[in-house]
Amino acid sequence: MIGLLEIRRRKFQFALIALIVTLISYLVLMINGLGVGLNEQAGSALRNFDADAIAYSDKAGLSVIRSELSQEQVDRIAVESGAEASAPLGYMAANYRKDGGEIESAAFLAFDPGTIAAPKVVEGRMLTEEDGDGLLVDKSFLRYSGLAVGDTVTISVRLVERDFRIVGETNEGAFFFQPSVYLLRSTWQELKYGTVDAATPVASIMLLQGNGLAGTSGPGWEAVSKSTAFANIEGVSGQQSTVQALRAFGYLIGGLVIGVFFYVLTLQKIGQIGMLKAVGASSFFVFRQVMVQVLGISLAGVAVAIPLTWLTNRAIQQAPNPVPIAFTNGTFITTSVLLVLMAMVGAMFSGRQVAKVDPIIALGQQQ
Amino acid sequence: MSVTLRVHDLSKTYGNGERAVQAVRHASFSTEPGEFVAVVGPSGSGKTTLLAMVGGLLTPTSGAIEVNGRDIAGLNAGQQAAYRRESVGYVFQANNLLPFLTARENLQVISRITGANGRAARQRADQLLEELGLTNRANAVATELSGGERQRVAIGRALMNDPELVLVDEPTASLDSARGRQVVESLIQEVKSRGKLGLMVTHDMAMAELADRIIEMHDGKLSVRGKLAASG
Ligand SMILES: Nc1ncnc2c1ncn2[C@@H]1O[C@H](COP(=O)(O)OP(=O)(O)O)[C@@H](O)[C@H]1O
Ligand SMILES: [Mg+2]
């Protein structure tokens, strides 16, 4: 291919373009990583629930914060939803004191041991009914707080302070942008509502397992799929559209920049293109050379951006208080493919230009 | 292989209405097989326009062009491109090589376009370079070649597709006269030894004298002069 030969002979010029592609790809990859990272912060703990659907009080507008369920409702949802298994779960935001004494907040999730609401313990042990003063905490909690399994931590809520012992570690992630902490539902009731009587709510939401549960409802409750529940976490939809917009701009600018670069290159080569056409090359033949160059340059640019992103991610994760950023193979693949596609689309401008060149210019008609 | 060209009552008008320019007016001439013809005339007399029509780069306003009996005047754009690809070899004014390619690669551009870029094409390119005295410059990038070398590469490129017609427009415009003469001599030799038809536009009478026949143009009109006997 003449196009590839040109890249080989004009390495510096094309390397510069590839560098621009690398920087744009890097930017878009980082934005995508931030999007995934923010989403995890927003509620990976919810995503990790061992449930297919989540039931809320129908007055809560699918807000975990505002949903409250009575014992009677919990019993009815278990039956009326037709779920194969179900479990109540309580939520509460509360403060705790870090190792150094500073106050931080965490998302407290309350469950009954032995139900589907129980998290997986990766270190230490599971809570039992006797662990009224026991906590399971997320990895990230340990990292931020400087505490360890076996340590005592002071929790404060409603002007009450109470000491807990960390008995186990979980890896369920965050909830509402805070590390998740698990405790017994009975303890949660006391902490959140103070005096407990028959009228005290017993849970915030219900986790449901089974098929076709999303969209079911009954008197006083409604259930939605886990992904709907996730999308309804306060701040998630706004955050997602922000990230989507950034991402779209990234792709757009990427395509545009490459398009403009190759458009300028094409303009500079009008004379050469005229010569090629004069000796019988079709516009398609010439355009193919341009496309091969765009493909080669954008692939090279993306190929450099991926390890760069990967290294950046590693550096970030090593920081004591890392920026929420996360990557999956999927992010890398879709981002790369989309960027290369956008580059090809951007190159279409050059295609029009190539088609417009009149081969007669090769004769230097205007002397 | 012998090639004949017949041009009959050929006219080309650019634009229309008041701004119409009659660049070629009722031109007629025929060539003998294997002839090398020079077209001379002052600037603006229509030489390039005539060459472009014969070479399938311009569609005549009226008249006929036949190459070996085949009509060229009525081709559509796609057919013109195929005709140029298969039957025409062009030598343009200097510096129409691809600057980032070597001499050999510039010749191979043609075989890439025709889709026959194999070992045979490479051998053909090397042979043409040898005939043109460029063997030791085959791997030099076009920008490293001298003006004369570049123009000889351009001659080689024009012969790559084994054309019927070799069309040349002001081949020595960028060369001094000694070098220009060498280039034109080797061009004529290459064209004639292959029995092809050569048509060279020039404003340089010294170069034109090297041809078998000189056609003179004035205001789009033709007159034939000199060396008429050579055409039989
Ligand atoms: N594309 C064009 N549009 C309008 N007029 C043209 C065009 N090309 C050439 N002409 C005119 O046609 C005449 C012949 O031009 P040309 O064939 O280039 O002459 P030459 O090659 O002998 O200098 C000139 O008057 C020139 O200005
Ligand atoms: Mg001219």
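Residues numbered from 1 in each chain as written. Chains lettered and ligands numbered in written order. Predicted model: local features only at pLDDT ≥ 70, side-chain atom pairs only at ≥ 80, totals over all residues. Heavy atoms only, no water.

Regarding its fold elements, chain A presents 11 helices and 12 strands. For chain A, whose C-alpha radius of gyration is 29 Å, the value lies well above the compact-globule estimate of 21 Å for 367 residues. Along the longest, intermediate and shortest principal axes, the C-alpha atoms of chain A span 100 × 45 × 30 Å. In chain A, which comprises 367 residues, the proportion classed as buried is 50%. Taking the contacts inside chain A whose residues are at least 6 apart along the sequence as the reference set, 78% of them involve residues at least 24 apart. (Helix = DSSP H or I, 4+ residues; strand = E, 2+ residues; numbered from the N terminus. Rg over C-alpha atoms; globule rule 2.2 N^0.38 Å. Buried < 20%, exposed > 50% of the residue type's maximum accessible area, 1.4 Å probe, protein only. Contact = heavy atoms within 4.5 Å.)

Here the focus is the domain arrangement of chain A. Residue and element names in this part refer to chain A. Considered domain by domain, chain A is made up of domain 1 (2-43 + 237-362) and domain 2 (53-213). Where domain 1 abuts domain 2, roughly 610 Å² becomes buried across the two surfaces, and 46% of that area is made up of carbon and sulfur atoms. Contact with domain 2 buries area across many residues of domain 1, yet Gln-41, Ala-42 and Pro-322 alone supply 54% of it, more than any other trio. Connecting domain 1 to domain 2 are 2 residue pairs in polar contact (both at pLDDT 80 or more). Broken down by element, the side of domain 1 that touches domain 2 gets its largest block of residues, 5 residues, from helix H2 (residues 11-47). Classifying every residue of the side of domain 1 that touches domain 2 gives 4 nonpolar, 5 polar and 1 charged. (Domains from an automatic or database assignment. Buried area = accessible area lost by both parts, 1.4 Å probe. Polar contact = N/O pair within 3.5 Å; in protein donor to acceptor, adjacent residues only side chain to side chain. Nonpolar A, V, L, I, M, F, W, Y, C, P; charged D, E, K, R; others polar.)

In this section: the pairing of strand E9 (residues 213-218) of chain B. Residue and element names in this part refer to chain B. The element E9 is largely enclosed, with a buried count of 5 among its 6 residues. The pairing of strand E3 (residues 36-40) with E9 spans 4 bridges and is parallel. Its bridge partner being in E9, Val-39 is matched across the sheet by Ile-215. (Pairing = 2+ DSSP bridges.)

Residue and element names in this part refer to chain A. A contiguous nonpolar surface patch, about 420 Å² in accessible area, is contributed by Phe-12, Leu-16, Leu-19 and Leu-23. With respect to the helices, strands and loops of the structure, Leu-23 is situated in helix H2. Its relative accessible area of 48% is what places Leu-23 among the partly exposed residues. (Patch = residues over 30% accessible without salt bridge, like charges linked within 9 Å, V, L, I, M, F, W, Y side chains within 5 Å. Areas by Shrake-Rupley, 256 points an atom, 1.4 Å probe, with all protein chains shown as cover. Salt bridge = Lys/Arg side-chain N within 4 Å of Asp/Glu carboxyl O.)

Moving on to the packing of helix H1 (residues 2-9) of chain A against helix H9 (residues 283-318) of chain A. In a pair of packed helices, the angle between the axes and the distance between the axes together describe the arrangement. Residues and elements named next belong to chain A. Contact geometry for H1 and H9: axes closest at 7 Å, N-to-C directions at 50 degrees. By the angle between their directions, the pair H1 and H9 is classed as oblique. At the point where H1 passes H9, the crossing takes the right-handed sense. Only Phe-285, Gln-289, Val-292, Gln-293 and Ile-297 of H9 make contact with H1, whose side of the interface consists of Ile-2, Gly-3, Leu-4, Glu-6 and Ile-7. For the contact of H1 with H9, a count of residues per class yields 6 nonpolar, 3 polar and 1 charged. (Axes fitted to C-alpha atoms, helices over the stretch in contact; angles between N-to-C directions. Parallel < 35°, antiparallel > 145°, perpendicular 65-115°, else oblique. Left-handed = near helix turned anticlockwise from the far one by under 90°.)

Formed by 103 residues in total, the largest nonpolar core has its most connected members in A:Phe262, B:Leu5 and B:Leu187. When residues in this core are grouped by element, the largest group, 7 residues, is from H9(A). What A:Phe262 contacts, discounting residues up to four positions off in sequence, is A:Phe14, A:Ile17, A:Val290, A:Gln293, A:Val294, A:Ile297 and A:Ser350. In this structure, A:Ala42, A:Ala87, A:Val167 and A:Tyr182 belong to the second largest nonpolar core, which totals 31 residues. (Core = buried A, V, L, I, M, F, W, Y, C linked by side-chain atoms within 4.5 Å.)

What follows is about the pattern of salt bridges. Residue and element names in this part refer to chain B. Following the criterion strictly, the structure yields 21 salt bridges over all chains and no others. Among the salt bridges present, the one from Arg-6 reaches Glu-66, with a minimum N-O distance of 3.6 Å. Taken together, the positions of Arg-6 in strand E1 (residues 5-14) and Glu-66 in strand E4 (residues 62-67) put the pair 60 residues apart, joining distant regions of the chain. On the accessibility criterion, Arg-6 (36% relative accessible area) is partly exposed. Assessed through its relative accessible area of 25%, Glu-66 is described here as partly exposed. With a shortest N-O distance of 3.5 Å, Arg-181 and Glu-185 are connected by a salt bridge. One end of the pair is Arg-181 and the other is Glu-185, both in helix H6 (residues 177-193) and 4 residues apart, which spans about a single turn. Relative accessible area serves as the criterion here: at 39%, Arg-181 is assigned to the partly exposed category. For Glu-185, a relative accessible area of 38% corresponds to the partly exposed category.

In this section: the packing of aromatic side chains. The tally for this structure, following the rule as stated, stands at 9 aromatic pairs over all chains. Note on B:Tyr90 and B:Phe92: the rings are 5.3 Å apart at their centroids and 15 degrees apart in plane angle, and the pair reads as stacked. When sorted by exposure, B:Tyr90 lands in the same class as B:Phe92, which is buried. Ring-pair connections join several aromatic residues into one group, and the members of that group are A:Phe49, A:Tyr91, A:Phe175 and A:Phe176. Sitting over the ring of A:Phe230, A:Arg47 keeps its end group 3.9 Å from the ring centre. (Phe/Tyr/Trp six-rings, centres within 6.5 Å; stacked < 30°, edge-to-face > 60°. Lys NZ or Arg CZ within 6 Å of the ring centre and 35° of its normal.)

This part takes up the site of ligand 1. Around ligand 1, a shell composed of 13 residues is seen, among which B:Gly44, B:Gly46, B:Lys47, B:Thr48 and B:Thr49 lie nearest. With respect to ligand 1, its neighbouring residues span chains A and B. Within the backbone of B:Gly44, an N or O atom sits 2.7 Å from an oxygen atom of ligand 1. Take B:Ser45: an N or O atom from its main chain is 3.2 Å from an oxygen atom of ligand 1. Isolated, ligand 1 exposes 560 Å² of accessible area, and the fraction of that covered by the protein chains is 72%. (Near = heavy atom within 4 Å.)

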